[in-house]
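# A closer look at the structure
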Amino acid sequence: MQYHRPLLQEDVETAHRLLTMHQPSAPDAHERSYCASATHYTPALWPCARHRWAVSVLAADERGEIAEGED
């Protein structure tokens, strides 16, 4: 997955925080789950885009595709 810039270690930290914020709600009458985060403007079906992004960032980090920060 390629975004507008290479992923950084800061993105990994953000991804960890997003995973704790974006969790599924209980299924509704139609067996659909929504993201329970109040940060969405409208209800987002589960898994939401922010959760999917966080998972992909952490997967890239596991594969060693994100360079260590240069402090």
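Quantities reported herein were computed from a predicted structural model and do not represent experimental measurements. (Residues numbered from 1 in each chain as written. Predicted model: local features only at pLDDT ≥ 70, side-chain atom pairs only at ≥ 80, totals over all residues. Heavy atoms only, no water.)

## Quick notes on the overall build of the chain
Just so we agree on the cut-off: A run of H or I in DSSP counts as a helix once it spans at least four residues, and a run of E counts as a strand once it spans at least two, with each numbered from the N terminus. Using C-alpha atoms as the atom set, the radius of gyration is obtained and then compared with a globule rule of 2.2 Å times the number of residues to the power 0.38. Only protein chains enter the accessibility calculation, which uses a 1.4 Å probe. A residue is then buried if its area is under 20% of the maximum for its type, exposed if over 50%, and partly exposed in between. Contacts are assigned to residue pairs with any non-hydrogen atoms lying within 4.5 Å of each other.
Assigned secondary structure in the chain consists of two helices and zero strands. A compact globule built from 71 residues should have a C-alpha radius of gyration of about 11 Å, whereas the chain, at 14 Å, is more than 25% larger. On the principal axes, the C-alpha backbone points of the chain span a range of 50 × 20 × 20 Å. In the chain, buried positions account for 25% of the 71 residues. Long-range pairs, those at least 24 residues apart, make up 48% of the contacts in the chain with a sequence separation of at least 6.

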